[in-house]
Amino acid sequence: MSTYTLDTDQQSALNSIIALCEQRLSGTCSNSGSDSPHVVVVIQGAAGTGKSVLLTSLFIALSSRSRMHQSDEIPSADALSGIDVRIMVNHAQMWKRYKDIAGNNPQLRKSQVLRPTPYINTADRNGKGADIALVDEAHLLLTQPNPYMHFHAENQLKEIVRLSKITVIAYDEAQVLRLRSMWNDDVLSEALNDAEVININLGTQHRMGASLGVRNWIESLLDEDSVVSPPPSEDQGFEMKVFADAGKMRDAIVERSGRGSARLLSTYDYPYRLDGADYFIDEPGLHIPWDRYVPQASLAWPQRPETLNEVGSVYTIQGLDLDWAGVILGPSNVLSDQGTLCVKPDVYQDQAAFAGVARLRAKGLDAQEIEHNRERVLRNALMTLLTRPRKGLFLYAHNPQLLHALCSIQ
């Protein structure tokens, strides 16, 4: 989200969404009555295809149009004059990122940036939601009640759509990280059942400067039926390397940090609690703390210089970019007897990610289906980690057999 330069497809999508908002919010529009269906625009695309960039550009454009109603620059009859635009995300680091964007743009207000549950509860209390609700990382919205988060309905997206005139979401089913947010086509369809849905698909990779060969290798690594192989050894403009020593990978990340944003990341395979203490990741040549919980920090984790001396998790980095990422494949990732990547949910330290099994069982899922969903959480998390960097991806694996398979020809 560091730049808002749009490609042709993104600009076309931006223009069409703004035109849709103008039409639906116009007092003369035949579909603008109280009985008209709610409209939902679903922006889909894999990690790095620019969903957040498009959503950020839309946030700025719509807010600018809204605030121009007090000047002579735009006719007072403009349908977007004075509209209420809100953007929300169920992700602490991206919420901070949007707050930072709002604080540095005169057309935006920090009060426009919300978390989903406060938006839903406040709108219900006031009997009125936003004219336009933008939702980033919609695949992180809850699909079950969560009293701890003060959400008591069945599905956060369904509630946001109900309370908003127009809803625009960025959505990627492959980035679901918790069973309480277990999205698929059926769940999405059910949440949008009463709405008019417009789909926009983004396909151009903007984040990773890697070749198609490297990106295909990442997909193959995470395919449960594909034999693990070393990554392509040459890729002009993008560094790709496997390290046999975690400390040497850390050294490489520190060196790259002088040329851009570079951080260590890890699968959630080492103990960690939110109690203010430091918890460490220990691997050969490496003794380093997890990302420290700093709720008062105004900047997102990768923007803070001290985090070069920490390791980020999937929750720290999802939706954000790096130039170089050094990723530790922790103990939940092993090489199977068939030579494929096998993920072990029982070893995964973030057992909270699997809360909600009883509700899945109540919906009719059997033990095999539930285990498949648990494994899917781990593969999705790993995909999220591996697709963060623009200029280089470094890897280290805890499991000796997996490490050997990854670097056998390097």
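See the structure above.
Values in this document were obtained by computation on a predicted structure and should not be read as measured data.

Helix and strand content of the protein chain: 12 helices and 15 strands. Relative to the globule expectation of 22 Å for 410 residues, the C-alpha radius of gyration of the protein chain, 22 Å, shows essentially globular dimensions. Its C-alpha atoms put the protein chain at 65 × 50 × 40 Å along the principal axes. Taking all 410 residues of the protein chain together, 56% fall into the buried category. Across the protein chain, every contact between residues at least 6 apart in sequence was considered, and the portion connecting residues at least 24 apart equals 76%. If you sum the accessible surface of the protein chain, you get close to 17900 Å²; carbon and sulfur atoms cover 49% of it. Both charge centroids of the protein chain, one from 39 positive and one from 49 negative side chains, sit 6 Å from each other.

Here the focus is helix H8 (residues 246–256). When we look at burial in H8, the residues that qualify are Ala246, Gly247, Met249, Arg250, Ala252, Ile253 and Arg256. Elements that come into contact with the buried residues of H8 comprise strand E7 (239–242), strand E8 (262–266), strand E9 (280–283), strand E10 (286–289), strand E12 (322–329) and strand E15 (389–397). The backbone nitrogen of Gly247 lies 2.8 Å from a side-chain oxygen of the residue at the head of H8, namely Asp245.

Per the counting criterion, the structure on display carries 10 aromatic pairs. Ring centres of Tyr268 and Tyr315 lie 5.9 Å apart, and the angle between their planes is 65°; this geometry places the pair in the edge-to-face category. Placement of Tyr268 in the loop between E8 and E9 and of Tyr315 in helix H9 (residues 314–317) is noted, with a sequence separation of 47 residues between them. Note on Tyr268: relative accessible area 11%, which makes it buried. The exposure class assigned to Tyr315 is partly exposed, which follows from its relative accessible area of 23%. Summarising the aromatic geometry, the rings of Tyr272 and Tyr279 are spaced 6.1 Å apart at their centres and angled 80° between planes, so their arrangement reads as edge-to-face. The pair Tyr272 / Tyr279 is uniform in exposure class, with both members buried. For Arg374, the ring lying beneath its charged end belongs to Phe354, and the centroid distance is 4.6 Å.

What the 6 strands build is an open sheet, ordered E3-E2-E4-E5-E1-E6; its pairing is parallel. Strands with a single pairing partner mark the edges of an open sheet, and in this sheet they are strand E3 (113–114) and strand E6 (196–201). Sitting on the sheet, helix H2 (residues 51–67) touches strand E1 (39–44), strand E2 (85–89), E3, strand E4 (132–136) and strand E5 (166–171), and the angle it makes with E4 is about 155°. Of the strands in this sheet, E1, E2, E4 and E5 touch helix H5 (residues 156–163), which is tilted by about 150° from E5.

Time to look at the packing of H2 against helix H3 (residues 92–103). At a minimum axis distance of 12 Å, the contact between H2 and H3 shows a crossing angle of 35°. Every pair of crossing elements has a handedness; the one defined by H2 and H3 is right-handed. Contacts from Ser52, Leu55 and Thr56 in H2 reach Met94, Tyr98 and Ile101 in H3. Taken together, the residues that form the contact of H2 with H3 break down as 4 nonpolar, 2 polar and no charged.

Further remarks concern the state of the cysteines. The tally for this structure, following the rule as stated, stands at 0 disulfides. Free cysteine Cys342: the closest other cysteine sulfur is in Cys407, separated by 19 Å. When its relative accessible area of 22% is taken as the criterion, Cys342 is described as partly exposed.

We now examine the pattern of salt bridges. Per the stated rule, a full pass over the model turns up 20 salt bridges. For Asp321, the salt bridge identified is with Arg390, shortest N-O distance 3.2 Å. You can see Asp321 sitting in the loop between H9 and E12 and its partner Arg390 sitting in strand E15, a full 69 residues away along the chain. Arg390 sits in the partly exposed class, given a relative accessible area of 25%. Here Arg390 ties to Asp323 by a salt bridge, and the two come within 2.9 Å at their closest N and O atoms. Within this pair, whereas Arg390 is found in strand E15, its partner Asp323 is found in strand E12, the two being separated by 67 residues in sequence.

Turning our attention to the sheet that holds E15. Two orientations exist for strands paired in a sheet by backbone hydrogen bonds: parallel and antiparallel. Strand order in the open sheet formed by 5 strands is E7-E15-E12-E8-E11, with parallel pairing between adjacent strands. Of all the strands in the sheet, the pair left with one neighbour each is E7 and strand E11 (311–312). With 7 bridges connecting them, E12 and E15 associate as parallel partners. The residue of E15 that forms the bridge with Trp324 is Gly392. Sitting on the sheet, helix H11 (residues 367–386) touches E8, E12 and E15, and the angle it makes with E15 is about 130°.

What follows covers the pairing of E2. Counted residue by residue, E2 has 4 buried out of 5 residues, so it is predominantly covered. In the sheet, E2 pairs with E3 via 2 bridges, with the strands oriented parallel. Bridge pairing in E3 links Met88 to Leu114.

Basis of the calculations
Residues numbered from 1 in each chain as written. Predicted model: local features only at pLDDT ≥ 70, side-chain atom pairs only at ≥ 80, totals over all residues. Heavy atoms only, no water. Helix = DSSP H or I, 4+ residues; strand = E, 2+ residues; numbered from the N terminus. Rg over C-alpha atoms; globule rule 2.2 N^0.38 Å. Buried < 20%, exposed > 50% of the residue type's maximum accessible area, 1.4 Å probe, protein only. Contact = heavy atoms within 4.5 Å. Areas by Shrake-Rupley, 256 points an atom, 1.4 Å probe, with all protein chains shown as cover. Lys, Arg positive; Asp, Glu negative; His and termini not counted. Charge placed at Lys NZ, Arg CZ, Asp CG, Glu CD. Polar contact = N/O pair within 3.5 Å; in protein donor to acceptor, adjacent residues only side chain to side chain. Phe/Tyr/Trp six-rings, centres within 6.5 Å; stacked < 30°, edge-to-face > 60°. Lys NZ or Arg CZ within 6 Å of the ring centre and 35° of its normal. Pairing = 2+ DSSP bridges. Axes fitted to C-alpha atoms, helices over the stretch in contact; angles between N-to-C directions. Left-handed = near helix turned anticlockwise from the far one by under 90°. Nonpolar A, V, L, I, M, F, W, Y, C, P; charged D, E, K, R; others polar. Disulfide = S-S within 2.5 Å. Salt bridge = Lys/Arg side-chain N within 4 Å of Asp/Glu carboxyl O.

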